[in-house]
Amino acid sequence: MQNLEELYQLVLKRKENPKEGSYTDYLFTKGLDKILKKVGEESTEVIVASKNPDKSELVYETADLLYHLMVLLVEQGVGFDEIKVELAKREGLMSKTKDRRKIQDL
Ligand SMILES: N=c1c2ncn([C@@H]3O[C@H](COP(=O)(O)OP(=O)(O)OP(=O)(O)O)[C@@H](O)[C@H]3O)c2ncn1[C@@H]1O[C@H](COP(=O)(O)O)[C@@H](O)[C@H]1O
């Protein structure tokens, strides 16, 4: 089982060492426009799946979207750590916002 960072690292490995028959390699070979098309398609599929009472479809489509997002980040040279740093910054911002709300509520 992979976590998201491990998936990113695997995709990065495919970019650095292309493997014949690999779907990831196929996407990198096709290039940015193809990757963007897939991200668009998978995003739409997440939206459609969200309307379905069966949540397993949403889980499946979310996994597809996350994979294609990892491919996009690697293609664009964005490191996984950059996303972690951005999320960490927001954590700080969110707690400050909550603190401000608490003060306003007094
Ligand atoms: N997580 C994924 C993953 N999620 C989805 N997909 C592929 O994404 C494609 C999405 O299906 P679609 O029907 O939308 O697309 P398609 O018709 O197959 O192809 P397109 O021509 O439309 O691109 C399928 O071919 C899936 O196999 C993935 N392919 C690979 N991974 C991970 O990447 C790793 C490396 O995979 P390879 O690069 O193939 O070795 C794997 O071990 C997995 O962990």
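So, a few notes on the structure that sits alongside this text. Computed from a prediction, not measured in an experiment: that's the story for all the values here.

Points about the site of the ligand
Working step 1: Taken together, 14 residues are adjacent to the ligand, and S22, Y23, T24, Y26 and K38 come closest.
Working step 2: Between the ligand and R14, the relevant distance is 2.8 Å, taken from an oxygen atom to a side-chain nitrogen or oxygen of the residue.
Working step 3: Separating an oxygen atom of the ligand from a side-chain N or O atom of E42 is a distance of 3.4 Å.
Working step 4: Burial of the ligand by the protein chains amounts to 57% of its free accessible area of 830 Å².
Working step 5: Only α1 (4-16), α2 (23-30), α3 (32-50) and α4 (55-75) provide two or more residues apiece to the shell around the ligand.
Working step 6: Residues that form the shell around the ligand fall into these classes: five nonpolar, four polar and five charged.

Here we look at the packing of aromatic side chains
Working step 1: Across all of its chains, the model carries three aromatic pairs by this definition.
Working step 2: With 5.6 Å between their ring centres and 55 degrees between their planes, Y8 and F80 make a pair best called tilted. Note that Y8 is positioned in helix α1 and F80 in helix α5 (residues 80-105), a separation of 72 residues in sequence.
Working step 3: Where Y23 meets Y26, the ring centres are 5.4 Å apart and the plane angle is 35 degrees; that geometry is what we call tilted. With a gap of three residues between them, Y23 and Y26 both fall in helix α2, about one helical turn apart.
Working step 4: Owing to a relative accessible area of 35%, Y26 belongs among the partly exposed residues under this scheme.
Working step 5: What links up through ring pairs into an aromatic cluster is the set Y23, Y26 and Y67.

Quick notes on the rules
Residues numbered from 1 in each chain as written. Predicted model: local features only at pLDDT ≥ 70, side-chain atom pairs only at ≥ 80, totals over all residues. Heavy atoms only, no water. Near = heavy atom within 4 Å. Polar contact = N/O pair within 3.5 Å; in protein donor to acceptor, adjacent residues only side chain to side chain. Areas by Shrake-Rupley, 256 points an atom, 1.4 Å probe, with all protein chains shown as cover. Helix = DSSP H or I, 4+ residues; strand = E, 2+ residues; numbered from the N terminus. Nonpolar A, V, L, I, M, F, W, Y, C, P; charged D, E, K, R; others polar. Phe/Tyr/Trp six-rings, centres within 6.5 Å; stacked < 30°, edge-to-face > 60°. Buried < 20%, exposed > 50% of the residue type's maximum accessible area, 1.4 Å probe, protein only.

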